[in-house]
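Per-entry structural report
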Amino acid sequence: MEYSTKGKVLKKPVVWKNLFIYRKSDAIYQLTVEFCKRFLPAHGDRTVDQMVQAARSGKQNIVEGSEDGQTSSEMEIKLLNVARGSLQELRSDYFDYINTHHLKIWTQDSPRQQRLREFCHSHNDFNDYAPLIAKMNDEEMANMLLTLCHQMDKMMTSYIEQLEKRFVREGGIKERMYSARTGYRQEQDAIIKKLQEENSRLIAENAELKRKLEELTAT
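Source: prediction; values computed, not measured.

Moving on, we get to the packing of aromatic side chains. Applying the stated rule across the entire model yields five aromatic pairs. Taking the centre distance of 4.9 Å and the plane angle of 70° together, the rings of Trp-16 and Tyr-22 count as edge-to-face. Residue classification places Tyr-22 among the buried positions, given a relative accessible area of 13%. Ring-pair connections join several aromatic residues into one group, and the members of that group are Phe-35, Phe-39, Tyr-94 and Tyr-97. For the cation-ring pair, Lys-59 lies above Tyr-29, with the distance from its terminal atom to the ring centre recorded as 5.1 Å.

Right, here's the structure in full:
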């Protein structure tokens, strides 16, 4: 994601569909919809709306943040933090589901959790998980989504830190506009100086030619 913005006001647009954080967040959203359909009541449970909305907020704020980032680094970072907060909220909902249904949270050192973690680490798209949905019970699926939410939190933290460092280094649109104007003025000043030097040289040459002409005429 490193590129030069020297002399540019707008940043290079981010293709959010290609971002790993977007692809994994979209997988989390679609998996959450499937989880709620399978294991939560269709009506009368506000948890369904909360979980689906939190998952959607995580995905959509990545899209909006990436779109707004071309003109506002501050808004990009703000919206990505909102996305991260929404996914943290969703992670808490999965913890609550496991606890209230007396299921097990798989420990990090257990073989199945290690296999699950490796699978989630190397797969970012919903299509990778879709064939597994019908085969998984609620404990397996909840632990998978917990793992995905954990990994997304780390990915989002790293991504936001990179954006913050770039913002400190390059500034926002106001700083880039100032830099662009300053660069333009410097270029114009250099051109004017060069023209002035050329003009002075031509004046001196003309004066020398005039002097020589006068000498020839005098003789």
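There's more to say after this.
Further remarks concern the environment of Ser-92. Among the structural elements, Ser-92 can be located in helix 3 (residues 73-100). When the C-alpha atoms of Ser-92 and Met-51 are compared, they prove to be 9.6 Å apart, with 41 residues separating the residues in sequence.

Turning our eyes to something else, we now look at the pattern of salt bridges. Here the idea is simple: oppositely charged side chains can pair when their charged atoms come close. Tallied over the full model, the rule gives five salt bridges. Between Glu-76 and Arg-166 there is a salt bridge; the shortest N-O distance is 3.9 Å. Of the two residues, Glu-76 sits in helix 3 while Arg-166 sits in helix 6 (residues 138-170), which places them 90 residues apart along the sequence. Considered together, Glu-76 and Arg-166 belong to a single accessibility category, that of buried residues. Residue Glu-139 is joined to Arg-112 by a salt bridge in which the shortest nitrogen-to-oxygen separation is 3.7 Å.

The rules behind these values
Numbers given for residues are sequential positions, taken from 1 along each chain in its written order. Predicted model: local features are reported for residues with pLDDT of at least 70 only, side-chain atom pairs are reported and counted for 80 or more only, and whole-chain, interface and lining totals are derived from all residues. The side-chain quantities take in all heavy atoms of the structure and omit both hydrogens and water. Two rings from Phe, Tyr or Trp (for Trp, the six-membered ring) form a pair when their centres are within 6.5 Å of each other. A pair whose planes differ by under 30 degrees is stacked, one over 60 is edge-to-face, and the rest are tilted. The classification of residues rests on relative accessible area computed with a 1.4 Å probe and restricted to protein chains. Under 20% of the type maximum is buried, over 50% is exposed, and intermediate values are partly exposed. When the NZ atom of lysine or the CZ atom of arginine is within 6 Å of a ring's centre and also within 35 degrees of its normal, the charge is said to sit over that ring. Each helix is a run of H or I in the DSSP string that is no shorter than four residues. Each strand is a run of E no shorter than two, and both are numbered from the N terminus. Put simply, a salt bridge is a Lys or Arg side-chain nitrogen that is within 4 Å of an Asp or Glu carboxyl oxygen.

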